[in-house]
Amino acid sequence: MSADIAHQLERNLDTRDDATRVAQRRARFVRGLGPVTALAGVAWAVLQPWRLTLLHPHGQGFYWLFAEPPLYVVLVGVLFRLLLAPGIVADVLGEDA
């Protein structure tokens, strides 16, 4: 094998390794979106506990007990991680489902 071909093959492998690293970084970012969103919802609930009417439900109707924005943020983060992230990661990494 000539040295030119060997160097060209090495460059191709380096390019593939770079592309793989970028795809893995993107996949890691997508996997982290759900937990970070859920953590933001928990932080919101801790920093503004008066928004959680479940803590003091006296005189509150169903809507006020059901509509808890910090809990919705946590729920969206969990659902994203469990339902959407696996498909997005498979697309980013180029895997078949």
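Preceding this paragraph is the structure being described.
This write-up is about the structure you can find in this document. (Residues numbered from 1 in each chain as written. Predicted model: local features only at pLDDT ≥ 70, side-chain atom pairs only at ≥ 80, totals over all residues. Heavy atoms only, no water.)

Quick look at the overall build of the protein chain now. Assigned secondary structure in the protein chain consists of 3 helices and 0 strands. Secondary structure elements of the protein chain occur, N-terminal to C-terminal, as α-α-α. Scored against the burial criterion, the 97 residues of the protein chain give a buried share of 18%. A separation of at least 24 residues holds for 62% of the contacts in the protein chain among residues at least 6 apart in sequence. (Helix = DSSP H or I, 4+ residues; strand = E, 2+ residues; numbered from the N terminus. Buried < 20%, exposed > 50% of the residue type's maximum accessible area, 1.4 Å probe, protein only. Contact = heavy atoms within 4.5 Å.)

Further remarks concern the environment of P35. Inspection of the secondary structure puts P35 in helix α1 (residues 3-47). With 45 residues separating them in the primary sequence, P35 and F80 have C-alpha atoms 8.8 Å apart.

Attention now moves to a nonpolar patch on the surface. A cluster of nonpolar side chains, F62, F66, Y72, L75, V78, L79, L82, L83, L84 and I88, forms an exposed patch at the surface whose accessible area comes to about 1,000 Å². Broken down by element, the nonpolar patch gets its largest block of residues, 8 residues, from helix α3 (residues 69-93). For F62, a relative accessible area of 64% puts it in the exposed group. (Patch = residues over 30% accessible without salt bridge, like charges linked within 9 Å, V, L, I, M, F, W, Y side chains within 5 Å. Areas by Shrake-Rupley, 256 points an atom, 1.4 Å probe, with all protein chains shown as cover. Salt bridge = Lys/Arg side-chain N within 4 Å of Asp/Glu carboxyl O.)

Let us now look at a positive patch on the surface. Side chains of R25, R28, R31 and R81 sit close together on the surface and give a patch of like positive charge. By residue number, the principal contributor to the positive patch is α1, which donates 3 residues. Within the fold, R25 resides in helix α1. (Lys, Arg positive; Asp, Glu negative; His and termini not counted. Charge placed at Lys NZ, Arg CZ, Asp CG, Glu CD.)

Right, let's get into the side chain of E68. Along the chain, E68 turns up in the loop between α2 (62-66) and α3. Beyond its immediate sequence surroundings of up to four residues, E68 is in contact with R51, L52, T53 and L54.

This part is about the environment of W44. Inspection of the secondary structure puts W44 in helix α1. Taking the C-alpha atoms as reference points, W44 and V73, separated by 29 residues in sequence, lie 9.0 Å from one another. Setting aside its immediate chain neighbours within four residues, W44 contacts R51, P69, P70 and V73.

Attention now goes to the nonpolar core. A27, V30, F80, A85 and V89 together form the largest nonpolar core, which totals 5 residues. Elements supplying a minimum of two residues to this core: α1 and α3. Per-element tally for this core: the top contributor is α3, with 3 residues. (Core = buried A, V, L, I, M, F, W, Y, C linked by side-chain atoms within 4.5 Å.)

Moving on to the environment of A23. Along the chain, the position of A23 falls in helix α1. Its relative accessible area of 16% is what places A23 among the buried residues. For A23 and D91, which are 68 residues apart along the polypeptide, the C-alpha to C-alpha distance reads 9.8 Å.

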